[in-house]
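# Descriptive structure summary
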Amino acid sequence: MAKLPFSFYQHEDVNALAVGLLGKQLFTLVDGELTAGTIVETEAYKGVIDKASHAYGGRFTPRTKVMYSSGGLSYVYLCYGIHHLFNVVTAPQGTPHAVLIRGLEPLIGIDVMLRRRNMEVVRPNLTAGPGALAKAMGIDKLLNEKDLLGDEIWIEDTGLKFNEETIAAVPRVGVDYAEEHALLPWRYYIKGNPYVSKPNR
DNA sequence: TTCTCGATTGTCT
DNA sequence: GACAATCGAGAAA
């Protein structure tokens, strides 16, 4: 087991990176409690040319500035005033690409995840969906702008590989406002995995 | 300063 | 299947 190196996050091709993150393991150490899970669903957000991205058109604000940093940082933000969503910042400095983690298969600290989610038994909705998994992993805005090579939140390579035919590429969720970009198949997931989120609507 | 609305989820009908 | 919850970023003034 080894943390993904700095170089992993520097690729310009955010779509390839979103696929590459599938099967990797996301760890958090929050309040002394270790949790981890396998990434089974991601979405690519392609910087300034992507209408669904917060950095579309080169928008540079206090919130989005972390996306312009060199890859390998976390980008956590609050959505709908309720849910924290966790992104991996990618690409070299100046290119605001990011990958949203949407689905996670629990591995370590499942009891901790259940407590954080106020659940009794493990069901797929424990960590299926970006808001749900962030809560289960203890991710909130305090984990924004963290170095993914640090000891609070990081990603490890397990050597797990998937055949191309087990990876689905479909349009992203919840970005209808992005017009023609809403149709781009930049959502990736492991076919058949129960921890893949269900599109609402 | 004020106003609008969202990369969602859980609950109720 | 419809809808409320809830708050801060971003834009306009």
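Residues numbered from 1 in each chain as written. Chains lettered and ligands numbered in written order. Predicted model: local features only at pLDDT ≥ 70, side-chain atom pairs only at ≥ 80, totals over all residues. Heavy atoms only, no water.

## Some points on the environment of Pro-194
Among the secondary structure elements, Pro-194 is positioned in the segment after β9 (187-190). Once the C-alpha coordinates of Pro-194 and Lys-135 are considered, the two residues, 59 residues apart in sequence, prove to be 18 Å apart. Residues in contact with Pro-194, not counting those within four places in the same chain, are Pro-124 and Ala-128. (Helix = DSSP H or I, 4+ residues; strand = E, 2+ residues; numbered from the N terminus. Contact = heavy atoms within 4.5 Å.)

## Some points on the nonpolar core
Ranked by size, the top nonpolar core spans 38 residues in total, and within it Leu-21, Leu-26, Phe-86, Val-88, Ile-101, Ile-139 and Ile-155 carry the most contacts. Looking at this core, the element that brings in the most residues is helix α1 (residues 14-21), giving four residues. In contact with Ile-155, other than residues within four places in its own chain, are Ala-2, Lys-3, Leu-4, Tyr-9, Leu-21, Lys-24, Gln-25, Leu-26, Val-88 and Leu-148. In terms of nonpolar packing, the next biggest core, distinct from the first, is built from 16 residues, Val-66, Val-89, Leu-100 and Ala-182 among them. (Core = buried A, V, L, I, M, F, W, Y, C linked by side-chain atoms within 4.5 Å. Buried < 20%, exposed > 50% of the residue type's maximum accessible area, 1.4 Å probe, protein only.)

## Thoughts on the pattern of salt bridges
Taken as a whole, this structure holds nine salt bridges when the rule is applied. Notably, a salt bridge pairs Glu-33 with Arg-116, separated by 3.9 Å at the nearest N-O pair. Of the two residues, Glu-33 is situated in strand β3 (residues 33-46) and Arg-116 in helix α2 (residues 110-116); the sequence distance between them amounts to 83 residues. Residue classification places Glu-33 among the partly exposed residues on the basis of a relative accessible area of 23%. Here Glu-180 makes a salt bridge to Lys-51, at a shortest N to O gap of 3.5 Å. Separated by 129 residues along the polypeptide, Glu-180 in the loop between β8 (167-170) and β9 and Lys-51 in the loop between β3 and β4 (73-79) bring together distant segments of the chain. Through salt bridges with shared partners, one network takes in Glu-41, Glu-43, Arg-102 and Arg-187. (Salt bridge = Lys/Arg side-chain N within 4 Å of Asp/Glu carboxyl O.)

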